[in-house]
Amino acid sequence: MTSTTSGPEGSGPTELTGLTASELAAKITAGEVSAEEVTRAHLDRIEAVEPDVHAFLHVNGQEALEAARRADEDRANGRAASPLAGVPLALKDVFTTTDMPTTCGSRMLEDWTPPYDSTVAGRLREAGVVILGKTNMDEFAMGSSTENSAFGPTHNPWDLERVPGGSGGGSSAALAAFEAPLAIGTDTGGSIRQPAAVTGTVGVKPTYGGVSRYGLVAFSSSLDQAGPCGRTVLDAAMLHEVIAGHDRMDSTSIDAPVPQVTAAAREGAAGDLRGMRVGVVREFAGEGYQRGVLDSFNAAVDTLTSLGAEVVEVSCPHFEYALGAYYLIAPSECSSNLARFDAMRYGLRVGDDGEHNTEEVMSLTREQGFGAEVKRRIMLGTYALSSGYYDAYYGQAQKVRTLISRDFASAFEQVDVLVSPTTPTTAFRIGERADDPMAMYLADLCTIPSNLAGNASMSVPSGVSAEDGLPVGLQIMAPAMADDRLYRVGAAYETARDAASGSSLVDRIPQLEVAR
Amino acid sequence: MTAVAEIMDYDEVLRNFDPVLGLEVHVELSTATKMFCGCANEFGAEPNTRVCPVCLGMPGALPVVNGTAVESAIRIGLALNCQVAEWCRFARKNYFYPDMPKNFQTSQYDEPIVFDGHLDVVLDDGETFRVGIERAHMEEDTGKSSHVGGAAGRIHGAEHSLLDYNRAGVPLIEIVTKPITDAGERAPEVARAYVTALRDLLRSMGVSDVRMDQGSLRCDANVSLTPKGSTRFGTRTETKNVNSFRSIERAVRFEMRRHAALLNEGAEIVQETRHFDESSGETSSGRRKEEAEDYRYFPEPDLVPIAPSRDWVEQLRGTLPEMPWERRRRAQEQWELSDEELRDLVNAGALDLIAATVDAGASPSEARSWWVAYLTQRANERGGELASLPITPEQVARVIELVNEGKLTHKLARQVVDGVLDGRGGPDEVIAADELEVVSDDSSLQAAVDEALAAQPDAAEKIRGGKVQAAGAIVGAVMKATQGQADAKRVRELVLAACGQQ
Amino acid sequence: MSTISRDEVAHLAGLARLAVSEEELEKFSGQLDVILDAVARVGEVAADEIPPTSHAVPVTNVFRNDEVREGLSREQALRSAPATEENRFRVPRILNEEA
Ligand SMILES: [Mg+2]
Ligand SMILES: [Zn+2]
């Protein structure tokens, strides 16, 4: 891969930061470059572009360099911890880490450094992956733009006036800005896939239960799922295998072998999809969808056909109710999950002046510690669960969940994977939907069904939209525990896309001004 | 709030009303670890030293169910003749309180693990009363708060409070009765007898310490009155904070009399929780239920459902020990007790202790005699129950064994038991420390016998002449000389032998 | 389906322990109304005979052995507490409403 050159008024990635994770891993393994050099290059890049992008909430250069040196030592001693040992990564600030704060983008946890590591962080460390820092996010993962972070928004490297998606906008922006070759996100209603789509990167929501949630600060427990993010499908696959697998600390974690996703990605890259049946979800098109998004999607479907896939149209009639079910289930669970932020044991405390009692201190703290979107969802969820409304709202939403799972089940009787646009539109402008919650919620229209049903789902870039030159994502959905199909189809598509356009999409990510 | 002006005479209550009781008992399981995390389930540890991210409700932490706690719940259900759910879930009960780290209690709501059973309770006169069991479900305990700045650590008037979360997450089983409608005048007694019987049952199963004084067994009593001739239940109150078996009876009786007085005046009963005051024997108003929280229960998404297979349930049924009522029947047969004797033993709380002492090798009559006579007296002196005496049935059996072997006289045996009760170790340790063992080796006794015979030549002469009853004086002298530590039977043999009578 | 009043929002805020301002009450009641109207559509399709789904993956009986696992030291447990005293978490006066 060629690296973009630095110009006087712009800054492209350096030779090292322009590489993919698999390329870096190969160079480190071959001894061509040390993990420490790779890490240093990314830390320099972070320093250069963060004033523009603001993808990170904390960068821990010291720890990162130490981890890199350990990876180098291990390699020198012939015992590299994993294929990704020494490769840097950006971790969403929703996972607990003992060496850095975990704020979830909230004032509530501004200074909180957890006394324990999340399983994901622990597995990354064991694999020798170098954690550069923690990335920005919508507060407690509630949002689709990363504007709801208490610590300021993240900017989309493709256009700094636009959002990088959310809630994991920090992770996807870090990838698009070449600050890290790998990142971890969490996806409750689309928070990995939608940011991936609008930043031209790859994001995967594994099967629910595929990656441990232990140490992932819960938003909506029955929907939350951690997953890998990268600039290529292969990179995401390699990271997927590091973080996935059974964990006894998470009762909902699946006790079964992890699908062979790296092998599937390599197989897919050969570009042969013969025998693969692909279903186009009929319901995800039409009104509300940007022209350029639909054009890009249709072109992607043509590409899949050209690779030998058998493409048919499939109907999932209950998907139109998914958004409603989601905005009842997720707020309900969040109203309960976030009750623990009460100023008693950790985090912010407001109004403890000897006058206010515990109940008042709790209320004052939660009023000041939470942002508007979090409060809105807590109240919505409190309402949906309250006696008298439970059956009409929460109960009905859970039935819709059943109907959506049935739609998926019958679709997967006909096809191996389903495809749709990841989002109805490209990245919108910062502030554009800030005061219109419903407009914001529509960004997750296509991604939510997979969360409700718990199946695996990926967003892979399908080029840029003609009208605005901004990236568009192709969503691929597979049955639960068939995550490998996503990687096979995604990698095949990615290879064909790059071949057709004559360059890799990541090479078209605009350079960032760093003249400050 | 209605002032409690008067209470009604108990007999008059019964002329006008039928009481309806509902009892909720919380039992802390004596598992090694907590309900949802691996922290030690231990009473009395240093504050906040039995905690982890899970039981502190830290962001990101997740619960995992303690399998042994589930087994205990099912076994308790089986012992209470309940059905075991084919499939059930945990639920979150949402309300804010600082002793609850997540601000929801992980509990069960409309899908309890066991339901629809009964417990047969023996009343003071030997009559059996059947109490219906609505359900028993699993949940977790809260932390403990202590209050600073108010009177005597009370919450009222305190300036601030301190929280220790060691108890947070300890497994609880909540056992709820069906409404008890036909107890009539015996309602207070039924309440006490039920909780006592439940305690005995749980103790024999070994699933809980069942100590009311330490809070491992807690009872809330719901009381309402139905006017004679009516079938509609009246408004109920829920009395909490009842810390002894006797208090349960007193609290129910008091609430019946208080309700009746109010109803008689045409006043309304306020649905509320009430607190029982041990010293006055009265209840006082707590939280009003009408403004109670809306708990917003929903299925716990972090825990998967529990679907106990029927094989597993049957296997657990096979692990149930002999039930107290079975043990009673067997004891009555084997020990040849009259109904009355059996009842006295049960009421004294001695039956299980005697049975355990017999199991440890003692004869039923000796075991009975120790527990009913000497130990009951000691328990009374200490103002506690027989079961809470710091001596085990095994230790009592050991003392009996030593007496039978001639190593202890009855007098010495009592000294040994007192030593054990004083916390000075087991019987053998007390004997060693105080050198209490009976002197029965012949060489040291022979000298004492010879000495006594020499000191009383008249008596010696009589014995030699065949008047063996005169040996008593010599034996007495030897016993005195050895300060009671000699084996009297052996002394007598030696005396007779020395005088040529054997 | 429903209109949510300002009073109801205030009640919800109380249940959720949020000391919302007057201004927020106004804003939230309007927004919650719009959201609820949109999501209430779930009532259109879900018939009685449809079982609800609470868990996406059909797994049951996940248990832990009853074995002690090392937890946090007291220092770790109390480290991020806003206030402590005598090795306990110190909290303001508690209203007398023990549940
Ligand atoms: Mg309860
Ligand atoms: Zn714990």
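Conventions used here
Residues numbered from 1 in each chain as written. Chains lettered and ligands numbered in written order. Predicted model: local features only at pLDDT ≥ 70, side-chain atom pairs only at ≥ 80, totals over all residues. Heavy atoms only, no water. UniProt positions renumbered as here; feature names shortened; annotations may be inferred. Helix = DSSP H or I, 4+ residues; strand = E, 2+ residues; numbered from the N terminus. Buried < 20%, exposed > 50% of the residue type's maximum accessible area, 1.4 Å probe, protein only. Contact = heavy atoms within 4.5 Å. Areas by Shrake-Rupley, 256 points an atom, 1.4 Å probe, with all protein chains shown as cover. Lys, Arg positive; Asp, Glu negative; His and termini not counted. Charge placed at Lys NZ, Arg CZ, Asp CG, Glu CD. 1 Å grid on protein atoms, 1.4 Å probe; cavity = no way out; pocket = protein on both sides within 12 Å on 5 of 7 lines; lining within 4 Å. Points joined across faces, edges and corners; volume = space filled by probe spheres on them. Nonpolar A, V, L, I, M, F, W, Y, C, P; charged D, E, K, R; others polar. Pairing = 2+ DSSP bridges. Buried area = accessible area lost by both parts, 1.4 Å probe. Salt bridge = Lys/Arg side-chain N within 4 Å of Asp/Glu carboxyl O. Polar contact = N/O pair within 3.5 Å; in protein donor to acceptor, adjacent residues only side chain to side chain. Donors = N, O, S within 2.8 Å, 3.2 Å for Na, K, Ca; no water.

Per an unreviewed UniProt entry, the recorded name for chain C is Aspartyl/glutamyl-tRNA(Asn/Gln) amidotransferase subunit C, and the organism is Actinopolyspora biskrensis. In its Subunit (unreviewed entry) section, the UniProt record describing chain C reads: "Heterotrimer of A, B and C subunits." Of chain C, the UniProt comment under Sequence similarities (unreviewed entry) reads exactly: "Belongs to the GatC family."

Looking at an unreviewed UniProt entry, one finds chain B named Aspartyl/glutamyl-tRNA(Asn/Gln) amidotransferase subunit B, with Actinopolyspora biskrensis as its source organism. Its UniProt record, at the heading Subunit (unreviewed entry), says of chain B: "Heterotrimer of A, B and C subunits."

A.B. asks: Help me understand the overall build of chain B, please; the structure alone is not making it clear to me.
C.D. replies: Broken down by element type, chain B carries 16 helices and 15 strands. With the C-alpha coordinates aligned to their principal axes, the bounding extent of chain B is approximately 95 × 60 × 55 Å. Each of the 502 residues in chain B was classed as buried or not, and the buried ones make up 55%. Put simply, 69% of the contacts in chain B that link residues at least 6 apart link residues at least 24 apart. Accessible surface for chain B amounts to roughly 21100 Å². Of this, 45% is attributable to carbon and sulfur atoms. Of the charged side chains in chain B, 56 are positive and 81 negative; the average position of the first set lies 1 Å away from that of the second.

A.B. asks: What is the right way to read the layout of surface pockets from this model?
C.D. replies: One way to see where empty space is left: roll a probe the size of a water molecule over the atoms. All names here are of chain B. A volume near 960 Å³ is recorded for the second largest pocket. For the second largest pocket, the lining is made up of 40 residues, of which Arg 199, Asp 200, Arg 203, Val 346 and Gly 349 are closest to its centre. For the lining of the second largest pocket, the secondary-structure elements that each account for two or more residues are β6 (114–122), α3 (187–205), α6 (324–334), α7 (339–347), α8 (351–359), α9 (364–382) and α10 (393–404). The element that contributes the greatest number of residues to the lining of the second largest pocket is α3, accounting for eight residues. By residue class, the composition of the lining of the second largest pocket is 19 nonpolar, eight polar and 13 charged.

A.B. asks: Help me understand the pairing of strand β11 (residues 217–227) of chain B in this model?
C.D. replies: A regular strand carries its side chains on alternate faces of the sheet. Residues and elements named next belong to chain B. Judged by how many residues are buried, β11 sits mostly within the fold: nine of eleven residues are covered. Where strand β1 (residues 17–28) and β11 come together, eleven bridges link them in antiparallel fashion. Each residue of the ladder has a partner; that of Leu 21, found in β11, is Val 223. Here β11 pairs with strand β12 (residues 237–242) via four bridges, running antiparallel. Considered in β12, the bridge of Asn 222 is made with Glu 238.

A.B. asks: Just to check I follow, could you spell out the interface of chain A and chain B for this structure?
C.D. replies: Frequently, the measure chosen for interface size is the accessible area that the parts lose on association. In this complex, chain A contributes 38 residues to the contact, which on the side of chain B involves 31 residues. Taking both partners together, chain A and chain B bury about 2700 Å²; carbon and sulfur atoms supply 60% of that area. Our count for the contact surface shared by chain A and chain B stands at one salt bridge. At the surface where chain A touches chain B, the tally comes to 17 residue pairs in polar contact (both at pLDDT 80 or more). Of all the elements in the fold, those that place two or more residues in the side of chain A that touches chain B are α10 (322–337), α11 (358–369) and α12 (372–385) of chain A. Counting residues per element, the side of chain A that touches chain B draws most heavily on α10 of chain A, at four residues. When its residues are assigned to classes, the side of chain A that touches chain B shows 17 nonpolar, 13 polar and eight charged.

A.B. asks: Just to check I follow, could you spell out the sheet that holds strand β15 (residues 298–299) of chain B for this structure?
C.D. replies: Sheets are built from strands paired through backbone hydrogen bonds, the pairs being either parallel or antiparallel. Residues and elements named next belong to chain B. Spatial ordering of the open sheet is given by β5-β4-β15, a layout of three strands whose pairing is antiparallel. Two strands close off the open sheet at either side, each with one partner strand: β5 (104–107) and β15. Sheet topology places strand β4 (residues 91–94) next to β15; two bridges connect them, and they run antiparallel. Looking across to β15, one finds that Arg 92 is bridged to Phe 298.

A.B. asks: Would you explain the coordination of the zinc ion (ligand 2) in this entry?
C.D. replies: Between any two of four tetrahedral donors, the ideal angle at the metal is 109.5 degrees; between two of six octahedral donors, it is 90 or 180 degrees. All names here are of chain B. For the zinc ion (ligand 2), the protein coordination sphere consists of Cys 37 (SG), Cys 39 (SG), Cys 52 (SG) and Cys 55 (SG), at 2.3 to 2.4 Å. Spacing between the donor residues of the zinc ion (ligand 2) along the chain follows C-x1-C-x12-C-x2-C. Within this pair, whereas Cys 37 is found in the loop between β1 and β2 (65–66), its partner Cys 55 is found in the loop between β1 and β2, the two being separated by 18 residues in sequence. The buried category is assigned to Cys 55, whose relative accessible area is 6%.

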